[in-house]
Each structure stands twice: as C-alpha cells, then as structure tokens.
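Take a look at the letters that make up each chain.
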Amino acid sequence: MKIGIEIHVQLNTKTKLFCSCPNYGKDEPNSRTCYICLGMPGSKPVLNKEALKKAIKVALALNCKINKETFFSRKSYFYPDLVKNFQITQYEIPIGIEGNFEGIRIRRLHLEEDPGALIHKGNICLIDYNRSGIPLIEIVTEPDFKSPNEVRIFLRKLITMLAYLDVYYRKDESTLKADANISLGGERVEIKNINGLKEIERALDYEMIRQEKEVPQAKETRRWDSEKGKTFLMRTKESEEDYGYIFEPDLPIIEISEEELTSLKKEIPELNVDKTNRYLKNYNLDKETAEVLSNDIKLGALYDFSISNGINPQMAAKWLRRDLLGFLSYDKKELKDVNINDKHLVEILKLVQDKTITDKVGKELLLKLIKKDYDVIKHIEENKLRIVADEKHLRKSCEEAINENKESIEKIKSGDYKVLNFLIGEVMRKTKGVGKPEIIVKILKQLLNIK
Ligand SMILES: [Zn+2]
C-alpha cells in the first residue's frame, strides 16, 4: 500500500496574501474584501512578505531545499468560489523541495491563495469571499505512508510543529485540510478535501478496503462523505497539466537571499521532534512521556521552566504528566483552555521537592491553581499546610486512628500490611494531609508493636 498526502495550511498572517484585508476578524460575510481579493478588473496583487517568510520557515523546518528564485503561476479553472477564474499558486518552481519529516519524504511546499467559501442552504448557494486570498501553504509528501494510522500520527506531529513555528491559525486537528492519494497496486485514487485528522484516517481506511475488492482501473478523484462513511467518484482523474498553468505576470519573481535564509533559520525555535530527543537524552525520560511533554507547546514550556528553576526532571515529568494532565482530563479540559501561573506551579513543585509540604497537599494546591491563580505561600501559611514532623502532635492522631479502628489491629499484627496503609491514610486525613508520612509510619509501628 502506498499513501501520499497534500496538506493545506492557512497561515496566521495579519493580512491576506495579495491585499491588505485582514485574514481574520469580523465574520459578517463579504466584510473583509477589497477589489484585489474580489478580482476586480485592473486590480493588481502585491505579495505579503510575512506570508512568504512563514512559508520558508515551514519549508526549512521540513528540511526542504529552498529554491533561491521562485515565482507564482495562474492555475485556471472555473468555479464560483474563485473570483478571477484562476488561482494564484506556484507550480513550476515551489519554495521548497525534497524535504523530509519523521521519516516521510516531502516532495514540495508552495504558497497559494485560498478561494472563497460556498455556503449551501437548501436549494441555494451563497458565497462568502472573506476567505478569498487568505495565504495557504500546500505541503505534498511522497507516497511513503504504509497505513492510514501512520498518516494520522504524522499529521499530529506536523500540527504541533506548526504551532511551535507559530504559523498555523487554527492549530486544531479537526480543521486541517488534506487530499490523500492511495493505491494498493492498482491505479492511484485521490480523495479530495478531507477535513480533520480523524476523517483523513477514516477515509483512507474505507478506501483501503474498497480497493481490495474493486481494483481501480483508471486514475480517479473521489470525495469523502463523512456522514455516510464512504467515498464517491467525482471524476476520473485529470492531470495537473489540464489546468493550463501560466506565469503570473502581475507579480515579480521572488528572490531569496542567503542572508534572508540565515536570519529565518535563526528565528526557528526548538521544535517538538528536537525537544523529544533532548528530553530522552538529557533527562532519561521514557519515550512516551517525552513525547507527551513535547507534543503540547504549553506543556513543554512548563516542563522546561520547571527544570530551569531547579525541579528534578523526573519529578517534574511525573507531576505534569500524571497530576496536571490528570486533573485537566478529569474536568474534560486541555491545557490550552486554562491559564496556569507557571511561577506558582513551580513554587508548589519546589515545596514538595523540599518536603516542606506533603505530596497530598501539593496535589490539592495544584488542583486549586488550575482553577484560579492565588498566592501559594500565603495560602500555605494561613492554612497551616506545612509538613508536620512533630512526633507528639502526630502521636495523638495515630492513637485516635488506632482506637477508632480496633478491628484492623489484629489484621496488621497477622501481617496484612494493606491495612496498615489504610491506617496511615486515616492519620493523614486527621492531620489534613500535612503529617509527614515517614514519621506517621514510625509511630504507628511503635504503637502496634510491629517492625
Ligand atoms: Zn482584499
């Protein structure tokens, strides 16, 4: 099986690719338009440099070779969402070629404009040109994927990388658009315009099974119907040449200098894949934990911040992955939905690390911090949450716990240490979580006369 994909990514520039209309903002239909993105006669496009820079950065991050001289072409076809009857895109010489990312070869990366959006309402169709002219990059892979699931894993890493580069507007798995080519040995089938990672995998899974039964005899273009869970034939495949590409005479040739490339390279931050490797190498984390931490830009930043403030890497990984993510997922939230004061978070971890507070209190403080920011130190002093190691004080709670649970004493004496853990929990509860566990164990063992 061979699968290749073409991914369309809307860039998060302030303005559109060839005019100064805002990319995002007012959503009233056709409110963010001008004579250029409406394709009025005589209007001339002017290239948005910011979009070009972002496209080059992505090409660099995908390890592409950058073409020093490139230009735009017109791809001619008629469709109501396409105001000029041609789309300004790149065909002959794209910005980047021959890259690779996560073991998949990248054939090309180019810059183009998005068409408008068609909105179907019953029997009529409305057109919103707010989208017309938003900059897109198209990333085309070689047919290197061996399964639909591989595609999904690759795309998730790609989306994270785009977030690290701060180029992708939506950052969201369900809005990524892609075309996918799949062949099981017969002719190649292209599935057009699939939205979202899950749907891409589903469409490919469906097509894989379909092609096993009916081997395609000619190149086909199909569409994915997510409600029906099936692909439908749109047309037998036209070739790219059928679009009659011609050179776009209204835009100058783009020259990319060596200096520009060097300075753009410097702007590329440490990316998720590099971060994962660094965590594996420097902190000895297991691969899954390293990937979980680096595949969320905010979580990776929190982790790096914790370590640079003296938190033990293993401990920070455990608290962020197990406790922070655990609390969030219990509330059906993601890290991006909440504002966590990173300084206060580190304060809590530090207090746990220094054994100024117990794990239990640390967890409660963390849970409170997820909900709302507060002064951690002040809260600890006011509520007397520092660890209590004073034996006299703890002995009283231990004696109470034993008196209230007489039936468990026999069990412990006969060697059932699970019951001892229960008693420790009871004492903890009595001390509101601040009793030092080691001391509690010591006293309980003394009182029960066990070793
Ligand atoms: Zn415009």
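Predicted model, so just to flag it, every value in this text is computed and none were measured.

**What to know about the overall build of the chain**
Phase 1: Along its length, the chain carries 15 helices and 16 strands.
Phase 2: Computed over C-alpha atoms, the radius of gyration of the chain comes to 30 Å, more than 25% over the 22 Å expected from 2.2 N^0.38 for 451 residues, which places it beyond the range of a compact globule.
Phase 3: Seen through its C-alpha atoms, the chain measures out along the principal axes to roughly 90 × 50 × 45 Å.
Phase 4: Out of the 451 residues in the chain, the part that is buried amounts to 49%.
Phase 5: A total accessible area of about 23,200 Å² is found for the chain, and carbon and sulfur atoms account for 50% of it.
Phase 6: Of note, the chain has its 78 positive side-chain charges centred 5 Å away from the centre of its 73 negative side-chain charges.

**Quick look at empty space enclosed by the protein**
Phase 1: A full pass over the atoms with the stated rule returns 1 cavity of 30 Å³ or more.
Phase 2: In this structure, the largest cavity is lined by Asp 81, Leu 82, Val 83, Lys 84, Glu 113, Asp 114, Pro 115, Gly 116 and Ser 132.
Phase 3: Looking at side-chain class alone, the lining of the largest cavity contains 3 nonpolar, 2 polar and 4 charged residues.

**Observations regarding the coordination of the zinc ion**
Phase 1: Distances from the zinc ion to its protein donors, namely Cys 19 (SG), Cys 21 (SG), Cys 34 (SG) and Cys 37 (SG), fall within the range 2.3 to 2.4 Å.
Phase 2: The coordination sphere of the zinc ion comprises 4 donor atoms, whose angles at the metal cover 102 to 116°; the geometry is tetrahedral.
Phase 3: Classification of Cys 19 by relative accessible area gives buried; the value is 11%.

**Digging into the packing of aromatic side chains**
To describe a pair of aromatic rings, one takes the distance between the centres and the angle between the planes.
Phase 1: Counted according to the given criterion, the structure contains 9 aromatic pairs.
Phase 2: Centroid distance Phe 18 to Phe 72: 5.5 Å. Interplanar angle 85°. Geometry classified as edge-to-face. Highlighted residues: Phe 18 in the loop between strand E1 (2-10) and helix H1 (49-61) and Phe 72 in the loop between strand E3 (69-70) and strand E4 (73-76), separated in sequence by 54 residues.
Phase 3: Through a chain of ring-to-ring contacts, three or more aromatic side chains come together here, namely Phe 101, Phe 145 and Phe 154.
Phase 4: When the ring centre of Trp 319 is taken as reference, the NZ or CZ atom of Arg 322 above it lies at 5.9 Å.
Phase 5: Of note, Lys 368 hangs over the ring of Tyr 374, and the distance from its end group to the ring centre comes to 4.8 Å.

**As for helix H5 (residues 272-283)**
Phase 1: Over its 12 residues, H5 runs 16 Å from end to end, which matches the ideal 16 Å to within 8%, given 1.5 Å per residue.
Phase 2: Looking one or two residues beyond H5, the residue adopting positive phi is Asn 284, at roughly 60°.

**Describing H1**
Phase 1: Look at H1: 18 Å from first C-alpha to last across 13 residues, which is about the 18 Å you get at 1.5 Å a residue.
Phase 2: Within H1, 10 of the 13 residues are buried, which leaves it mostly tucked inside the rest of the structure.
Phase 3: By the burial criterion, the buried members of H1 are Ala 51, Leu 52, Lys 54, Ala 55, Ile 56, Lys 57, Val 58, Ala 59, Leu 60 and Ala 61.
Phase 4: Asn 63, located one to two residues past H1, shows a positive phi value of around 60°.

**Remarks on the sheet that holds strand E2 (residues 65-66)**
Phase 1: Strand order in the open sheet made by the 9 strands is E2-E6-E7-E10-E1-E11-E12-E13-E14, with mixed pairing throughout. The open sheet terminates on both sides in strands that have one partner only, identified here as E2 and strand E14 (230-236).
Phase 2: For strand E7 (residues 104-113) and strand E10 (residues 135-141), the ladder comprises 7 bridges, and the chain directions are antiparallel. Note that in E10 the partner of Ile 106 across the bridge is Thr 141.
Phase 3: Packed onto the sheet, helix H2 (residues 148-165) meets E1, strand E6 (96-101), E7 and E10 and runs at close to 25° relative to E1.
Phase 4: Sitting on the sheet, helix H3 (residues 197-213) touches E1, strand E11 (177-183), strand E12 (189-195), strand E13 (220-225) and E14, and the angle it makes with E12 is about 155°.

**Quick notes on the side chain of Thr 160**
Phase 1: Relative to the elements of secondary structure, Thr 160 occurs in helix H2.
Phase 2: By relative accessible area, which is 9% here, Thr 160 ends up buried.
Phase 3: A distance of 2.9 Å separates the side chain of Thr 160 from the backbone oxygen of Arg 156, its partner in a polar contact.
Phase 4: Look past the residues within four positions of Thr 160 in its chain and what remains in contact with it is Asn 272, Ser 294 and Asn 295.

**Here's the deal with the pattern of salt bridges**
Phase 1: Tallied over the entire structure, the rule returns 40 salt bridges.
Phase 2: For Glu 207, the salt bridge is made with Arg 222, and the minimal N-O distance between the two is 3.8 Å. Of this pair, Glu 207 sits in helix H3 while Arg 222 is found in strand E13, placing the two residues 15 residues apart along the sequence. In terms of burial, Glu 207 and Arg 222 fall into one category: buried.
Phase 3: With its nearest N and O atoms 3.6 Å apart, the salt bridge here joins Lys 228 to Asp 225.
Phase 4: Residue classification places Lys 228 among the exposed positions, given a relative accessible area of 58%.
Phase 5: Among the ionic contacts, a cluster of salt bridges with common partners joins Glu 207, Arg 210, Glu 214, Glu 220 and Arg 222.

Definitions and limits used
Just so you know, the residues in each chain are numbered from 1, in the order the chain's sequence is written. Only residues with pLDDT of at least 70 are given local features in this predicted model, and only at 80 or more are side-chain atom pairs given and counted; all residues enter the totals for whole chains, interfaces and linings. The side-chain quantities take in all heavy atoms of the structure and omit both hydrogens and water. Under the DSSP-based scheme used, a helix requires at least four consecutive residues in state H or I and a strand at least two consecutive residues in state E, with every element numbered from the N terminus. Put simply, the radius of gyration uses C-alpha atoms, and a globule should come to 2.2 Å times the residue count raised to 0.38. We call a residue buried when its accessible area falls under 20% of the maximum for its residue type, exposed when it is over 50%, and partly exposed in between, using a 1.4 Å probe and counting protein chains only. Only the protein chains shown count as cover for residues, and the accessible areas themselves come from Shrake-Rupley with a 1.4 Å probe. Here Asp and Glu are counted as negative and Lys and Arg as positive; His is not counted, and neither are the chain ends. Charge positions are represented by NZ for Lys, CZ for Arg, CG for Asp and CD for Glu. Cavities and pockets are defined on a 1 Å grid built over the protein atoms alone: a cavity is a set of grid points where a 1.4 Å probe fits but cannot escape, while a pocket is an open set with protein on both sides within 12 Å along at least five of seven lines, and lining residues are those with an atom within 4 Å of any such point. Grid points are joined across faces, edges and corners, and a volume is the space filled by probe spheres set on the points. Charged residues are taken to be Asp, Glu, Lys and Arg, nonpolar residues to be Ala, Val, Leu, Ile, Met, Phe, Trp, Tyr, Cys and Pro, and polar residues to be all remaining types, Gly included. Here a donor is any nitrogen, oxygen or sulfur atom (N, O, S) within 2.8 Å of the metal, with 3.2 Å used for Na, K and Ca; water is not among the atoms considered, so some sites may look incomplete. In short, tetrahedral needs four donors with all angles between 85 and 135 degrees, square planar needs four and octahedral six donors with opposite donors over 155 degrees apart and all other angles between 65 and 115, and whatever is left is irregular. Each aromatic pair joins two rings of Phe, Tyr and Trp (for Trp, the six-membered one) with centres within 6.5 Å, and gets the label stacked for planes under 30 degrees apart, edge-to-face for over 60, and tilted for any other angle. Placement of a positive charge over a ring is assigned whenever Lys NZ or Arg CZ falls within 6 Å of the ring centre and within 35 degrees of the normal to the ring plane. What a helix should span is 1.5 Å times the count of its residues minus one. One requirement defines pairing of two strands: DSSP has to find at least two bridges between them. In what follows, residue pairs with any heavy atoms lying within 4.5 Å of each other are defined as contacts. Helix axes use the C-alpha atoms of the stretch in contact, all axes being lines fitted to C-alpha atoms, and the angles between their N-to-C directions lie in the range 0 to 180 degrees. Here a polar contact is taken to be a pair of N or O atoms separated by no more than 3.5 Å, where protein atoms must pair a possible hydrogen donor with a possible acceptor and residues adjacent in sequence count only if both atoms sit in side chains. Salt bridges are identified by distance alone: a Lys or Arg side-chain nitrogen within 4 Å of an Asp or Glu carboxyl oxygen.

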